[in-house]
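This is what each chain is made of:
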Amino acid sequence: RIEQRLEDRVPELEQLERVGLFTRREIRAVLRKASALEYKIQRRALRKEDFINYIQYEINLLELIKKRRARIGYSFKKDEIENSILHRVHSLFNRATGKWKEDVQLWLSHVAFCKQWNAKHQLSKVFSSMLAIHPNKPALWIMAAKWEMETQLSSESARHLFLRALRFHPECPKLYQEYFRMELMHAEKQRKEKKEFEQAKMDLGEFNYSEEILSGEMARIIYRDAAQKIKGVEFHVAVLSIAKLFDFTQDLQKEILESLQTKYADDPLTWDYMARRELELGSLQSTEHTTKQMKVSEMTQREERCCAVFEEAVRAVPTEDMWKCYITFCLERYNRKTNSEELKQKRLERTLSVFHKTHESSLLPEALYKQWVQLLLESNLFETAMEVAEAATKRFSLSVEMWQMRLQVLIQLKSDAVTQCFEEAVKHVKSKGTLPLWSLWVEWSEGTNNKEDTEALYRRSLHATTPAESVTMKEKYLDWTYRNGGYKKVKRVFTSLCENRPFSLDFFRKMIQIEKEQESCRMLHLREYYERALREFGSTNSDLWLDYVKEELSHPQGKPENCGSIHWRAMKMLQGDLVEDFVSKYTLLQTGHL
């Protein structure tokens, strides 16, 4: 079978040599590679990777032929050369997707290949087979319908695919949205065709343009059917956004809008859409102004109309989500670039006012307090920022993030109340999750307090945090001690910290690094640190054993004869695949390749 397939290649390879695209030596190389790849895909136990490698090789060969043709300017014999290779690639893809039907990426690779080489007939078959096996994936149905509509220019086939898809997914919003879009695109296309015929004063004859289709009636039917099955504002807003892209859908837009306001009058997203719509309505109705001041005035009026709708919304639907929509809108407008200082100031005042109103209503979410404080700091309203941060910690007294925000504000403004606030924070918040607070506290203390106070704070943090979080504080404490107390001090601290588990590997590696930085680096101390580390991590980290071996081999006071003992202990302690990993690396180390 393999010899037969290699013989089938001979005509195309002879043509490649005859027309000067490949040399005889290159032809032989292609045959050798093809032979190796063919043997791999004829095994009893087939592997997907072998098929992928074979397909990739053939695609690379096609690309090379394409470049060689462009270089020498030869464009003949494509049927004998390229078509033969394309047929082989399709055959490989068919075998692979037949064997591994569940692999969607394999199917999509075949689709991409067909599109790249314009194999329309083959692509139609691929889509049919793929959808028969994966009918549960709406995205694949949409892809196939889009190809039929945009590439094949067949709205009928696209419609047929969408209808089949909806039988499998009767409540899929995305399918309805794309079907809705397709029908509007089809209507727009027919409107253009009719207009061109009329302008050319041609007899339409057998061409029959239905007024219902031209007016988007098919899309209206789809929307009404979907609206009965799919609940939620998001779908209506998405469909409305699609309808707005077409200039003949005013009646349809009006119907969707009325349905939205009737069914979801109390939903924040409805009010959000209605408010933002005021910006677009203003842009449609306005005429082109010449002066900058008039443009600024017009934009201010539009934004005020939006805010008027939002004000009505928060009175009608006074919920956290509604206020959040209002604040998000204000922040978006404030962050928009403008050359007008007057407009920027109005946006800032409006945003701060909305933040304050939401806070007064006790409906401001935790995350938005951070944005409020950040905005106040950027606007140099430091006193207000401190007040807001304090109010946030009162409302969310158990939130580490709120206390952290308040402390960062106090530190940034160099307040005298930092220590008092830290004490208050650790009193309110439970020990679990307080690591950010203690990290911030010791960092602040390092730059502000004396060494004794900072060290006392580090020791206190080790008991105040959970065992898992104390690991990080031990690393920070060790690093700070070395920077401020020197080698002897850090050695004493290391010994005392080793009395209480848990530890991290970086904790021991840090101490090893400190020892190696000393002029009188002693192997005796290094062995102690490695032994301590191996007691904790010897069963799960092969690299630690290898580093120990390297140290014995490279250190002036090291004992290479200890390496055998270290190797034996590692083999006993390491678990699972780590043993094999250690053995391979140890062998490379002995031969000098690591």
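Residues numbered from 1 in each chain as written. Predicted model: local features only at pLDDT ≥ 70, side-chain atom pairs only at ≥ 80, totals over all residues. Heavy atoms only, no water.

As recorded by an unreviewed UniProt entry, the protein carries the name UTP6 protein and is attributed to Spheniscus mendiculus. On record in UniProt, under Sequence similarities (unreviewed entry), the comment for the protein is "Belongs to the UTP6 family." Regarding the protein, the relevant UniProt record gives this comment under Subcellular location (unreviewed entry): "Nucleus, Nucleolus". (UniProt positions renumbered as here; feature names shortened; annotations may be inferred.)

Colleague: Residue-level account of the environment of Lys-125, with values.
Modeller: When you line up the elements, Lys-125 lands in helix α6 (residues 120-133). Expressed as a C-alpha distance, the spacing of Lys-125 and Asn-484, which sit 359 residues apart in the sequence, is 73 Å. (Helix = DSSP H or I, 4+ residues; strand = E, 2+ residues; numbered from the N terminus.)

Colleague: Residues and numbers for the packing of aromatic side chains, please.
Modeller: Two measures describe an aromatic ring pair: the distance that separates the ring centres and the angle between the ring planes. Inspection of every chain in the model, using the stated rule, returns 27 aromatic pairs. Here Phe-494 and Tyr-529 contribute two aromatic rings whose centre-to-centre distance is 5.1 Å and whose plane-to-plane angle is 80°, an arrangement assigned as edge-to-face. Of the two residues, Phe-494 is situated in helix α24 (residues 467-497) and Tyr-529 in helix α26 (residues 523-537); the sequence distance between them amounts to 35 residues. Using a relative accessible area of 0% as the deciding quantity, one classes Phe-494 as buried. The structure contains a cluster of three or more aromatic residues connected by ring pairs, namely Phe-494, Phe-503, Phe-507, Phe-508, Tyr-529 and Phe-537. Of note, Lys-66 hangs over the ring of Trp-117, and the distance from its end group to the ring centre comes to 5.7 Å. Between the NZ or CZ atom of Lys-344 and the centre of the ring of Tyr-334, over which it lies, the distance is 4.5 Å. (Phe/Tyr/Trp six-rings, centres within 6.5 Å; stacked < 30°, edge-to-face > 60°. Buried < 20%, exposed > 50% of the residue type's maximum accessible area, 1.4 Å probe, protein only. Lys NZ or Arg CZ within 6 Å of the ring centre and 35° of its normal.)

Colleague: Quick one: what's the story with the pattern of salt bridges, residue by residue and with numbers?
Modeller: Following the criterion strictly, the structure yields 44 salt bridges and no others. With its nearest N and O atoms 2.4 Å apart, the salt bridge here joins Glu-280 to Lys-244. Taken together, the residues span a long stretch of sequence, with Glu-280 in helix α14 (residues 268-285) and Lys-244 in the loop between α12 (233-243) and α13 (250-263) at a distance of 36 residues. Owing to a relative accessible area of 37%, Glu-280 belongs among the partly exposed residues under this scheme. For Lys-244, a relative accessible area of 32% translates into the label partly exposed. (Salt bridge = Lys/Arg side-chain N within 4 Å of Asp/Glu carboxyl O.)

Colleague: Residue-level account of unusual backbone geometry, with values.
Modeller: Each neighbour pair has its own omega, and for Arg-501 with Pro-502 the value is 0°, a cis peptide bond. Structurally, Pro-502 can be placed in the loop between α24 and α25 (505-516). For Asn-380, which is not glycine, the phi torsion reads 60° and is therefore positive. Among the secondary structure elements, Asn-380 is positioned in the loop between α18 (366-378) and α19 (382-395).

Colleague: Let's hear about the UniProt feature "domain: U3 small nucleolar RNA-associated protein 6 N-terminal" (unreviewed entry) in the protein: which residues, and what values?
Modeller: According to UniProt, the feature "domain: U3 small nucleolar RNA-associated protein 6 N-terminal" (unreviewed entry) maps to residues 6-88 in the numbering used here. As annotated, residues 6-88 comprises 75% helix and 0% strand, and the C-alpha atoms at either end are separated by 11 Å.

Colleague: Give a detailed account of the nonpolar core, specifying residues and quantitative values.
Modeller: Counting 91 residues, the largest nonpolar core has Phe-180 and Tyr-369 as its most contacted members. Ignoring anything within four residues of it in the chain, the contact list for Phe-180 reads Ala-219, Ile-222, Tyr-223, Val-239, Ile-242, Ala-243, Leu-252 and Ile-256. (Core = buried A, V, L, I, M, F, W, Y, C linked by side-chain atoms within 4.5 Å. Contact = heavy atoms within 4.5 Å.)

Colleague: Which residues make up α6, and what values do they have?
Modeller: Between the first and last C-alpha of α6 there are 20 Å, a value that for 14 residues agrees with the 20 Å anticipated at 1.5 Å per step. Every buried residue of α6 is listed here: Gln-122, Leu-123, Val-126, Phe-127, Met-130 and Leu-131. Looking down the long axis of α6, one finds its buried residues gathered within 160° of arc, a one-sided arrangement. The exposed residues of α6 that point more than 90 degrees off its buried face are His-121 and Ala-132. Looking at the buried positions of α6, the neighbouring elements they touch are α4 (82-99), α5 (104-116), α7 (138-150) and α8 (155-168). (Expected span 1.5 Å × (residues − 1). Arc of directions from axis to C-beta.)

Colleague: Kindly report on the packing of α19 against helix α20 (residues 400-412), identifying the contributing residues and their values.
Modeller: Look at α19 against α20: their axes get within 9 Å of each other, and the N-to-C directions meet at 160°. Between α19 and α20, the interaxial angle falls into the category roughly antiparallel. At the point where α19 passes α20, the crossing takes the left-handed sense. Together, Met-386, Ala-389, Glu-390, Ala-392 and Thr-393 of α19 and Met-402, Trp-403, Met-405, Arg-406, Val-409 and Leu-410 of α20 make up the contact between the two elements. Taken together, the residues of the contact of α19 with α20 break down into eight nonpolar, one polar and two charged. (Axes fitted to C-alpha atoms, helices over the stretch in contact; angles between N-to-C directions. Parallel < 35°, antiparallel > 145°, perpendicular 65-115°, else oblique. Left-handed = near helix turned anticlockwise from the far one by under 90°. Nonpolar A, V, L, I, M, F, W, Y, C, P; charged D, E, K, R; others polar.)

Colleague: For the environment of Arg-532, give the residues involved together with the corresponding values.
Modeller: Position of Arg-532 among the secondary structure elements: in helix α26. A C-alpha to C-alpha distance of 43 Å links Arg-532 and Thr-393, two positions 139 residues apart in sequence. Among residues more than four places away in sequence, those in contact with Arg-532 are Phe-494, Cys-498 and Phe-508.

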